[in-house]
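Letter by letter, the chains look like this.
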Amino acid sequence: MNHFETRSGDLYCEDVSLAAIAAAVGTPVYVYSQATLERHFHVFREALRSHANLGEPLIAYAVKANGNVSVLRVLGALGAGADTVSEGEVRRALAAGIPASRIVFSGVGKRPQEIEFALRAGVAEINVESEPELDLIAAIAERLTLQAPVVFRVNPDVEAGGHAKIATGKAENKFGVSFTEARRLYAKAADHPHLNPLGVACHIGSQIIDLTPFEQAFSKMRGLVETLRAEGHSVERLDLGGGLGVPYFNMPEPPSPADYAAMIARVIGDLDVQLAFEPGRMIAANAGVLVAQVLHRHERPEGRKFLVLDAAMNDLLRPAMYDAFHDIRPIAATNAEPEPFDVVGPVCETGDTFTRDRVMPSLDSGDLVAFMSAGAYGAAMASEYNSRPLVPEVLVHGDRFAVIRRRPTYEEMLADEAPADWL
Ligand SMILES: *Cc1c(COP(=O)(O)O)cnc(C)c1O
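A word on the pairing of strand β9 (residues 148-153)
Within a regular beta strand, the side chains point alternately toward one face of the sheet and then the other, so they alternate between its two faces. Among the 6 residues that make up β9, 6 are buried, leaving the element largely enclosed by the rest of the structure. Side chains of β9 alternate between two faces, with Ala-148, Val-150 and Phe-152 and Pro-149, Val-151 and Arg-153 buried alike. The pairing of strand β8 (residues 125-128) with β9 spans 3 bridges and is classified as parallel. Bridging from a neighbouring strand, Ile-126 pairs with Val-150 of β9. In this sheet, strand β10 (residues 195-201) lies alongside β9 in parallel orientation, the contact comprising 6 bridges. When the sheet's bridge partners are listed, Pro-149 is paired in β10 with Asn-196.

Now the structure itself:
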């Protein structure tokens with residue numbers, strides 16, 4: 001459930017009409033519902049809490065899905081931690097008031113300065129993805145004379161379905177170490193005076209709509225925890241990653257958080273570990289929309305009809321990058337007959353096509369539309385490609401709204417470009 005609903009035919013976010021936001025801020029613009037963000041976090045946490053044997057897990061929201069500081073503040077206030085993949089994201093989480101003790105630092109390639117920053121900040125754990133990285137963390141921790149809390153990201157080698165670009169849990173992917181490597185590295189870390197191995201982690205992919213790969217991966221992780229303990233190690237933490245799919249319009253229904261939690265309670269409930277989760281999409285996707293305006297409607301002689309929007313692939317990359325489907329809804333009430341349209345942006349690439357032959361109410365220039373389910377991996381992946389200023393973001397709370405990231409001016413866009421001194 002989310003808080004985007006039609007009232008007398010007009011589309012609202014909570015108690016604010018999207019047309020009012022478009023009029024005040026201009027288009028394209030992302031709009032997020034605070035109530036939906038909060039609801040998704042609660043649903044996820046309550047599903048886990050309903051199983052006493054799962055303890056009180058750390059829910060480290062994956063900042064990369066939507067890292068706006070206001071979004072992080074909303075979640076942080078509810079007790080969320082943050083799963084981060086760069087120093088920039090650690091800084092975002094800290095700026096939003098999320099304590100370092102709830103921040104997980106993940107990622108395949110961390111630079112030395114980033115590791116140092118995270119260690120000094122006192123993050124809860126650094127998720128290690130390779131032996132060279134472990135050695136680097138050890139050396140930095142030694143120089144800083146502290147103990148680095150490390151968790152090994154393991155690649156459970158399962159097929160997680162979804163789009164190939166977001167599957168991460170197969171041995172052939174770049175992510176994590178093998179089980180054998182994890183055992184060797186755990187022992188190595190346990191012997192090192194500046195490393196504190198806390199546990200193991202996995203994250204098998206994104207938009208997973210079937211519990212089977214999760215269950216396969218989590219059973220394997222259970223086996224690993226037991227093996228490590230049998231080898232004399234203490235394993236306090238088990239980080240199960242993110243990846244739970246969300247209901248995108250027209251797509252197969254993902255498992256509910258309740259079913260996901262019940263499976264986890266069954267598979268690892270008696271393991272006596274502190275659990276961590278890293279949900280991103282599940283929290284943010286259906287909490288946001290991208291509002292755009294139709295610039296032109298035109299028809300090819302052979303009959304194909306186009307809607308050219310003022311939003312483009314630089315603002316919402318998912319259709320071009322992942323063939324993602326977004327429901328596109330008119331914002332104003334309409335009785336127009338549905339017709340098939342190709343909905344495109346103005347960028348000079350054929351890939352800048354949001355959808356082809358989509359049957360939707362007939363629209364014309366000036367009309368507003370909303371791309372639904374755009375709260376995750378939307379604004380976060382936006383760029384200035386084609387020198388289009390970064391798309392702004394708005395947060396709605398009841399009958400109020402605030403611009404939480406404004407649209408940069410053209411002067412700001414050019415400000416960092418100093419011509420070479422010989423030009
Ligand atoms: C991307 C990512 C997540 C979040 O994935 P979602 O599908 O958005 O839940 C969690 N953990 C890691 C390590 C990631 O890379």
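Right, picking up where we left off after that structure.
A closer look at the nonpolar core
Ranked by size, the top nonpolar core spans 106 residues in total, and within it Val-200, Phe-218, Leu-238 and Ile-264 carry the most contacts. No fewer than three residues from each of domain 1 (4-32 + 286-415) and domain 2 (34-284) sit in this core. Phe-218 has contacts with Cys-202, Leu-240, Tyr-260, Met-263, Ile-264, Val-267 and Ile-268, leaving out every residue within four places of it along the chain. If you look at the next biggest cluster of nonpolar residues, it comprises 18 residues, including Val-291, Leu-368, Met-372 and Val-396.

Topic: the site of the ligand
In the vicinity of the ligand there are 13 residues, among which Lys-64, Ser-206, Glu-278, Arg-281 and Tyr-377 approach most closely. In the environment of the ligand, an oxygen atom lies 2.6 Å from a nitrogen or oxygen atom belonging to the side chain of Tyr-377. Of the residues that constitute the shell around the ligand, the class distribution is 3 nonpolar, 5 polar and 5 charged.

Observations regarding the environment of Gly-345
Residue placement: Gly-345 occurs in the loop between β16 (338-344) and β17 (353-361). The exposure class assigned to Gly-345 is buried, which follows from its relative accessible area of 10%. Spatially, the C-alpha atom of Gly-345 lies 15 Å from that of Leu-363, the residues being 18 residues apart in sequence. Excluding residues that lie within four positions of it along the chain, Gly-345 makes contacts with Leu-309, Ala-311, Ala-312, Asp-352 and Phe-354.

Quick notes on the domain arrangement of the chain
Domains assigned within the chain are domain 1 (4-32 + 286-415) and domain 2 (34-284). Here the C-alpha centre of domain 2 lies 32 Å away from the C-alpha centre of domain 1. Between domain 1 and domain 2, the contact holds 23 residues from the first and 25 residues from the second. Both faces considered, domain 1 and domain 2 share a buried interface measuring about 2100 Å² in area, 54% of it formed by carbon and sulfur atoms. Looking only at domain 1, the three residues that lose the most surface to domain 2 are Asn-286, Phe-325 and Tyr-377, adding up to 30% of its buried area. Remark: the boundary between domain 1 and domain 2 carries 0 salt bridges. Counting every contact that joins domain 1 to domain 2 gives 12 residue pairs in polar contact (both at pLDDT 80 or more).

Remarks on the pattern of salt bridges
Considering all chains together, one arrives at 26 salt bridges under this definition. Of the charged contacts, one joins Glu-131 and Lys-188 as a salt bridge, the two residues approaching to 2.7 Å between their closest N and O atoms. Remark: Lys-188 occurs in helix α7 (residues 179-190) and Glu-131 occurs in helix α6 (residues 131-143); sequence separation between them is 57 residues. Residues Glu-339 and Lys-305 are paired through a salt bridge, measuring 2.9 Å at the closest nitrogen-oxygen approach. With Glu-339 in strand β16 and Lys-305 in strand β14 (residues 305-309), this residue pair connects regions lying 34 residues apart in the sequence. Take Glu-339: its relative accessible area is 15%, and that puts it in the buried class.

Section: α6
Helix length check: α6 (13 residues) gives 19 Å between terminal C-alpha atoms against 18 Å at 1.5 Å per residue, within 8%. Among the residues making up α6, those that are buried are Glu-133, Leu-134, Ile-137, Ala-138, Ile-140 and Ala-141. In this structure, the buried residues of α6 make contact with α5 (112-121), β8, β9, α7 and β10. A positive phi of about 45° marks Thr-145, the residue just after α6.

Quick notes on the pairing of strand β20 (residues 400-405)
In terms of strand pairing, strand β19 (residues 393-397) meets β20 through 5 bridges, oriented antiparallel. Bridge assignment links Leu-395 to a residue of β20, and that residue is Ala-402. Linkage of β19 to β20, two consecutive antiparallel strands, is achieved through a turn of 2 residues, within which Gly-398 is found at a positive phi near 65°.

What counts and how
- Residues numbered from 1 in each chain as written.
- Predicted model: local features only at pLDDT ≥ 70, side-chain atom pairs only at ≥ 80, totals over all residues.
- Heavy atoms only, no water.
- Buried < 20%, exposed > 50% of the residue type's maximum accessible area, 1.4 Å probe, protein only.
- Helix = DSSP H or I, 4+ residues; strand = E, 2+ residues; numbered from the N terminus.
- Pairing = 2+ DSSP bridges.
- Core = buried A, V, L, I, M, F, W, Y, C linked by side-chain atoms within 4.5 Å.
- Domains from an automatic or database assignment.
- Contact = heavy atoms within 4.5 Å.
- Near = heavy atom within 4 Å.
- Polar contact = N/O pair within 3.5 Å; in protein donor to acceptor, adjacent residues only side chain to side chain.
- Nonpolar A, V, L, I, M, F, W, Y, C, P; charged D, E, K, R; others polar.
- Buried area = accessible area lost by both parts, 1.4 Å probe.
- Salt bridge = Lys/Arg side-chain N within 4 Å of Asp/Glu carboxyl O.
- Expected span 1.5 Å × (residues − 1).

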